[in-house]
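# Observations on the three-dimensional arrangement
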Amino acid sequence: MEALYGVLEAGQVGIFESPTGTGKSLSLICGALSWLRDLEKRKRQEEARLLQGLSPAELGHAGSTSTAGEPDWVTAFVQRKEERDKVDRLKEEQIRRKKREDHLQKIRSNVQLKYAAKRKRSEEDETKHLLQLSKEALSQGAGADVLDQLDHNEEELILAEYESDEEKKVVSGLEEDDDDDLEEEHVTKIYYCSRTHSQLSQFVHEVQKSPFGKDTRLVSLGSRQNLCVNEEVRRLGALQLINDRCMEMQKNKHEKKSDEENEGKKRRVSRAVCPFYSYEQMQFLRDEVLVEVKDIEQLVSLGRETKACPYYGSRYAIPAAQLVVLPYQMLLHEPTRSAAGIKLKDQVVIIDEAHNLIDTITCIHSAEVSGSQLCCAHSQLSQYMERYRKRLKAKNLMYIKQILYLLEQFVAMLGGNVNQNPGCQTVSQTGTVLKSINDFLFQSQIDNINLFKVQRYCEKSLISRKLFGFMERYGGSATAVKNNKENQKLAGLQNFLLTLQQGSDKEAGTAQSPPVEAENNQLQAASPLMQIERFLSALTNANQDGRVILNRQGTVGQSSLKFLLLNPAVHFAKVVEECRAVIIAGGTMQPVADFREQLLSCAGVDPARVLEFSCGHVIPPENILPIILCNGPSNQQLEFTYQTRDLPQMMDETGRILCNLCNVIPGGVVCFFPSYEYEKQVYTHWEKMGLLTRLATKKKIFQEPKKANQVEQVLVEYAKCIKRCSQAGGQMTGALLLSVVGGKMSEGINFSDDLGRCVIMVGMPYPNIKSPELQEKMAWLDKTMPRAAGQAPSRVLIENLCMKAVNQSIGRAIRHQKDFASILLLDHRYARPAIFNKLPQWIRERTQVKPAFGSAFAELRKFHRGKLDAL
């Protein structure tokens, strides 16, 4: 906490490592909020001194010195004016703060205000309901006019007239709303972000329990998928569809006024607006959020109760908040950050669970599209344009034609024709080709198109949402369509899309999609333009910061275009530039060289500004036994390289080690393999050699499933088995879980107590250096980074990726102060100094290197027997 306080005070960048179970979250809360409380106290003292101590005139004369070439009276006048302005600003800030604090205190103490507001909302709802019934009765009596022979609901599918940012000073839409009341100066605050909503909720609960829980103005931000309370929108399921529908409804609300003004000139069909988007309702929700600390679930409940949108209500609370809790993506993606109203200037950012920060930034700014998606989007957009050509404005037609041309050229780069079924087009030259952004743009003949403008058009016009609505209406075979020329074309579109879907199913070779993947497949099939928009956005990166990967497979449909971000620092630079201080924290941050060199150094951060802090574990030294094992029971050297790990003797030796260990280790044993393929190979070999039967006499064997929706069931069965064995006694002592490094169980899973009494790492999980993406990243690092201690940056990258994965996996055990476990690293290469020093400090300090298996086995038996006796 002291180190954290010092970093925030000095305006530095801190890399903090604190193992799971050591109270990391509470330390971050208390250290950061103590600093913020002291800062606010100092600010108020300074204000009081300036407002009550010296007059502006005295302040102006104090220490006045004439600058070269200017008379003293000019200098004094300028200084007096500056001080007067400063005092005026302080007075205004003081009045605003007093007003805000009084308002929040009034809400806290006066419960009647809440009921009065609630009653008023109920009355307004009833009035709106009666008004709607009256309108419906009138419309039924008058009959429905149809404009240009379009169906009533089809009006919403037509793109509105588009104006670029250059053509208007203020862009219409909620994201840049012009309500003066919503514009409020941001107080100094802390932005805390983590990977998942569950981690953020856990952090909020820690704040609620802390000494700062009652006095902190905390705001929880999340995606529309998590915060939307409009059931009609929530039912869309996929995040991109929810985003687009929400933005469309807000746009409709803003256009409603102008539609009403033009009602006398031209009859308009009413457009859907969100009933939860009301300024008055969201003002009330904003105040409720600031009065008491709430997590995402409580925020959603409040939104339903108050009939106000939590997504936007929470955003309105940001300026006055002291602590803003949000997911990674919202902070690290600049357009999302800007749309959310997040201002980082002179603020503090804490990024927790940051061990994968570099990968996260890379993934957020990378994008991939398949040949099937490109052809499908082209077909959908062509049909949309034909259907509404007479109703679309010239600028919309221009941009649609540009997008169609881009899609044609992208498919041509994959060796196909956009007008033919991608599943039936064979690619002549298969393989993977990497190109710079500029080379890709020139070779695909799209260098004359302004991708920035096209991408902005897609974002502002909501074209992907309109296209999705169009496909909802005409893309399904069950929909009845009028029998005319245009609709015959649309019927042809249905058949074409059906063949695309059947073709992609054949390519994938799957009879049925798992439930978890069904939503994504449905979204990709229904609205591929959404994914293509991401790819277009990625192509606007600087030429040196990324590469385009052309992956040509058997057919055009199976082939893909992928943008790979090489330099994540370009997207992190603005965060460290604007913020007063940045904290990068995690339970396992080793090796930290990646953060220093790939992220901070490339982002222009002075090395002197970076502080590293790593603390030990809270468990007693005798509660952990880490061992590096160099040889197996038959004295076979343990070296799991790509050349040796497939040897029968190496797999036999691994099986013998596990058989011996399972005889003396109680409860659960988690064994990590470098890949799913190797785990399957070893399992099959053990089964053939009878080693699996020997293992099964002591431990029930579980395997990590590849499919995410099956992981929970395996973990439940694994835990039940261990509990049953510990209660029943007998020959079976627990369970053995065969897992994979980088899989579902190597991160975020808690194997505490009996669930993980021993963690075994089989070999060193080096990444596949034959991967074109990794090779390009290595080449880029060697070109842009200096050599470290005589090693090429690419070699350091490979070792760091390996050890980061190892550290995450072995960190699954020992989750609290009284926990205990042994850790076994099976490979003599772990003892090499360059590798050994990349282990976490608290493990490194206690690690024993054992050349002989007998010695290691004796230590493990003594350790676990001692612990069992103590229990």
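Residues numbered from 1 in each chain as written. Predicted model: local features only at pLDDT ≥ 70, side-chain atom pairs only at ≥ 80, totals over all residues. Heavy atoms only, no water.

## Focus: the packing of aromatic side chains
Basically, it comes down to this: A pair of aromatic rings is counted whenever rings of Phe, Tyr or Trp (Trp by its six-membered ring) have centres within 6.5 Å, and the orientation is called stacked for planes under 30 degrees apart, edge-to-face for over 60 and tilted otherwise. Each helix is a run of DSSP H or I of at least 4 residues and each strand a run of E of at least 2, with the numbering of both proceeding from the N terminus. Partly exposed describes any residue whose relative accessible area lies between the buried limit of under 20% and the exposed limit of over 50%, with all areas from a 1.4 Å probe on protein chains only and scaled to the type maximum.
Scanning all chains against the criterion turns up 17 aromatic pairs. Geometrically, the ring pair formed by Tyr384 and Phe470 is edge-to-face, given 5.6 Å between the ring centres and 90° between the ring planes. Taken together, the residues span a long stretch of sequence, with Tyr384 in helix α16 (residues 371-388) and Phe470 in helix α20 (residues 463-474) at a distance of 86 residues. Across this residue pair, the class does not change: Tyr384 and Phe470 are buried. Between the aromatic rings of Phe702 and Tyr718, the centroid separation amounts to 5.9 Å while the plane-to-plane angle is 90°, which identifies the pairing as edge-to-face.

## Considering the sheet that holds strand β16 (residues 758-762)
Heads up, the condition is: Pairs of strands are assigned from DSSP output, requiring at least two bridges between the strands. Only C-alpha atoms enter the line fits that serve as axes; for helices the fit covers just the stretch in contact. Angles between N-to-C directions range over 0 to 180 degrees. Here a residue-residue contact requires only that any non-hydrogen atoms of the pair lie within 4.5 Å.
Spatial strand order, β14-β15-β13-β16-β17-β12-β18: 7 strands in an open sheet with parallel pairing. Lying at the two open borders of the sheet, with one neighbouring strand each, are β14 (699-703) and β18 (848-850). Averaged over all neighbouring strand pairs, the angle between strand axes comes to 20°, with direction disregarded. Alignment of β14 against strand β15 (residues 734-740), held across 5 bridges, turns out to be parallel. Looking across to β15, one finds that Lys699 is bridged to Gly734. Sheet strands in contact with helix α26 (residues 648-664) are β12 (624-629), β13 (667-673), β14, β15, β16 and β17 (821-826), and its direction is about 165° off that of β17.

## Points about the environment of Gly734
Here Gly734 is to be found in strand β15. Residues within four places of Gly734 in sequence aside, it is in contact with Gly667, Lys698, Lys699, Lys700, Cys721, Ile722 and Cys725.

## Digging into the confidence of the model for the protein chain
Worth spelling out the cut-off: Every residue carries a pLDDT, the predictor's confidence in it, which falls somewhere between 0 and 100.
Taken over all residues, the pLDDT of the protein chain has a mean of 80, while the share at 70 or more is 79%. Taken as a whole, residues 476-526 scores under 50 in pLDDT and shows 67 contacts with residues more than four places along the chain or in a different chain.

## A few points about empty space enclosed by the protein
Test applied: As defined here, a cavity is a set of points on a 1 Å grid over the protein atoms alone where a 1.4 Å probe fits but cannot get out. A pocket is an open set with protein on both sides within 12 Å along at least five of seven lines, and residues line them when an atom is within 4 Å of a point. Grid points are joined across faces, edges and corners, and a volume is the space filled by probe spheres set on the points.
In this structure the tally under the stated criterion is 3 cavities of 30 Å³ or more. Each pocket or cavity is described by its volume, and for the largest cavity that value is around 130 Å³. Lining the largest cavity are 14 residues, with Cys228, Asn230, Cys246, Cys274 and Cys309 sitting closest to its centre. Of all the secondary-structure elements, those providing two or more residues to the lining of the largest cavity are α9 (239-261) and α12 (310-316).

## Describing the packing of helix α17 (residues 394-413) against helix α19 (residues 451-461)
Put simply, the test is: Note on terminology: angles under 35 degrees are roughly parallel, angles over 145 are roughly antiparallel, angles of 65 to 115 are roughly perpendicular, and the others are oblique. Two helices crossing with the near one rotated counterclockwise from the far one by less than a right angle form a left-handed crossing, whereas a clockwise rotation gives a right-handed crossing. Each residue gets one label: Ala, Val, Leu, Ile, Met, Phe, Trp, Tyr, Cys and Pro are nonpolar, Asp, Glu, Lys and Arg are charged, and the others, such as Gly, are polar.
Contact geometry of α17 with α19 gives a least axis separation of 11 Å together with a crossing angle of 115°. Considered as vectors, α17 and α19 are oriented roughly perpendicular to each other. Seen along the crossing, α17 lies across α19 with a hand that is left-handed. Where α17 abuts α19, its residues Asn396, Tyr399, Ile400, Gln402, Ile403 and Leu406 lie against Leu451, Lys453, Val454, Tyr457 and Cys458. Of the residues contributing to the contact of α17 with α19, the split by class is 8 nonpolar, 2 polar and 1 charged.

## A short note on unusual backbone geometry
With omega at -10°, the peptide bond leading from Gln590 into Pro591 counts as cis. By the secondary structure assignment, Pro591 is in the loop between β10 (581-586) and α25 (593-601). The residue Glu353 is not glycine, and still its phi comes out positive at about 50°. Note on placement: Glu353 falls in the loop between β5 (348-351) and α15 (357-364). You can call Glu353 partly exposed: its relative accessible area is 21%. The phi angle at Gln445 is positive, at roughly 60°, despite the residue not being glycine. Within the element layout of this structure, Gln445 appears in the loop between α18 (437-443) and α19.

## So, the pattern of salt bridges
Note the following rule: One side-chain nitrogen of Lys or Arg within 4 Å of one carboxyl oxygen of Asp or Glu is enough to make a salt bridge.
Across all of its chains, the model carries 22 salt bridges by this definition. Glu459 is the salt-bridge partner of Arg456, the closest N and O atoms lying 3.1 Å from each other. Here Arg456 and its partner Glu459 are both found in helix α19, 3 residues apart, which amounts to about one turn of the helix. The salt bridge partner of Arg757 is Asp754, with a shortest N-O separation of 3.0 Å.

## A few points about the pairing of β5
Of the two faces of β5, the one lined by Val348 and Ile350 and the one lined by Val349 and Ile351 are each fully buried. Pairing of strand β2 (residues 190-194) with β5, which is carried by 4 bridges, proceeds in the parallel orientation. Counterpart to Tyr192 in the pairing with β5 is Ile350. Strand direction decides the pairing type here: β5 and β10, joined by 4 bridges, are parallel. Directly across from Val349, in β10, lies its bridge partner Val582.

## A short note on the nonpolar core
Our working definition: The nonpolar core is taken to be a set of buried Ala, Val, Leu, Ile, Met, Phe, Trp, Tyr and Cys residues, with the residues joined through side-chain atoms within 4.5 Å.
Formed by 65 residues in total, the largest nonpolar core has its most connected members in Ile351, Leu357 and Phe572. Top contributing element to this core by residue count: helix α24 (residues 569-578), with 5 residues. Excluding its chain neighbours within four sequence positions, the residues that come into contact with Phe572 are Leu332, Ile351, Leu357, Ile361, Val582, Ile584, Leu599 and Leu600. Judged by nonpolar contacts, the second largest core, of 52 residues, contains Leu381, Phe410, Leu529 and Phe563.

## Description of the sheet that holds strand β8 (residues 546-552)
Strand order in the open sheet formed by 4 strands is β6-β9-β8-β7, and the pairing between neighbours is antiparallel. Each of the sheet's edge strands pairs with one partner strand only, and the pair in question is β6 (367-370) and β7 (431-436). Strand after strand, the sheet turns through a mean of 15° between neighbouring axes, direction not considered. Across 6 bridges, the pairing between β7 and β8 is antiparallel. Bridge pairing links Thr432 to Asn551 in β8.

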